[in-house]
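Structure assessment
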Amino acid sequence: MKQKMVVKVSMPCKRSRSRAMALAARADGVISVAITGDARDKLEVVGDGVDPVCLVSCLRRKVGHAEILQVEEVKDKKPEEKKPEEPKPPQPMVVHPPPHGYYSYHHHHPPPPMVVCEEPSSCPIM
């Protein structure tokens, strides 16, 4: 279950903010961490299967006072139904011969240009 939690943490300086973000980012299941709030004293953590109590406990030990303000489930937006694209016919690829003088003296005429057409195979093994 993907969830978003907001944790108020005592972060008076830049160093404590970076330490709190690093601790939150290292927690199991965390997807993103951001600092929010007018006083820049709230951590917004988004993750899958993150234990908020364990996270707050770790922040209290390493940074300072911390409390859970909000925990809510994040619902993913359903992707819009896409129309299946019509397959385009493969374009033939023309391979040009090498420049004049490329072959040794044994070859008097370069081979004719080759046309390669890659068609999708109906073989399920390949």
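Remember, predicted model here, so these are calculated numbers, not experimental data.

What follows concerns the pattern of salt bridges. One pass over the full model with this rule turns up one salt bridge. With its nearest N and O atoms 3.7 Å apart, the salt bridge here joins Lys-4 to Glu-72. Taken together, the residues span a long stretch of sequence, with Lys-4 in strand 1 (residues 2-9) and Glu-72 in strand 4 (residues 66-73) at a distance of 68 residues.

On to the side chain of Arg-17. Its location among the elements puts Arg-17 in helix 1 (residues 14-26). For the buried Arg-17, no salt bridge is present, and the opposite-charge side chain at shortest range is Asp-41, 8.2 Å distant. Sequence-distant contacts of Arg-17, that is, excluding residues within four places in its chain, are made with Met-11, Pro-12, Ile-35, Ala-39 and Arg-40.

Strand order in this open sheet of four strands is 2-3-1-4, and the pairing throughout is antiparallel. Each edge of the sheet is formed by a strand with only one pairing partner; in this case those strands are strand 2 (30-36) and strand 4. Neighbour to neighbour, the strand axes of the sheet diverge by 20° on average, direction disregarded. As judged from the seven bridges shared by strand 1 and strand 4, these two strands associate in the antiparallel manner. Paired with Met-5 across the two strands is Val-71, which belongs to strand 4. Across the sheet, helix 1 lies against strand 2 and strand 3 (42-48), angled at about 160° from strand 2, the strand it touches most. The strands touched by helix 2 (residues 52-62) within the sheet are strand 1, strand 3 and strand 4, with strand 4 carrying the most contacts at an inclination of about 155°.

What follows is about unusual backbone geometry. Despite not being glycine, Arg-40 shows a phi value in the positive range, around 55°. Considering the arrangement of structural elements, one finds Arg-40 in the loop between strand 2 and strand 3. Arg-40 sits in the partly exposed class, given a relative accessible area of 42%.

So, on to a positive patch on the surface. A cluster of like positive charges, contributed by Arg-15, Arg-19, Arg-26, Arg-61 and Lys-62, occupies part of the molecular surface. Taken together, the elements giving at least two residues each to the positive patch come down to helix 1 and helix 2. A total of three residues in the positive patch trace back to one element, the largest contributor, which is helix 1. Residue position: Arg-19 is located in helix 1. On the basis of relative accessibility, which here comes to 42%, the residue Arg-19 falls in the partly exposed class.

What counts, and at which threshold
- Residues numbered from 1 in each chain as written.
- Predicted model: local features only at pLDDT ≥ 70, side-chain atom pairs only at ≥ 80, totals over all residues.
- Heavy atoms only, no water.
- Salt bridge = Lys/Arg side-chain N within 4 Å of Asp/Glu carboxyl O.
- Helix = DSSP H or I, 4+ residues; strand = E, 2+ residues; numbered from the N terminus.
- Buried < 20%, exposed > 50% of the residue type's maximum accessible area, 1.4 Å probe, protein only.
- Lys, Arg positive; Asp, Glu negative; His and termini not counted.
- Contact = heavy atoms within 4.5 Å.
- Pairing = 2+ DSSP bridges.
- Axes fitted to C-alpha atoms, helices over the stretch in contact; angles between N-to-C directions.
- Patch = residues over 30% accessible without salt bridge, like charges linked within 9 Å, V, L, I, M, F, W, Y side chains within 5 Å.
- Areas by Shrake-Rupley, 256 points an atom, 1.4 Å probe, with all protein chains shown as cover.
- Charge placed at Lys NZ, Arg CZ, Asp CG, Glu CD.

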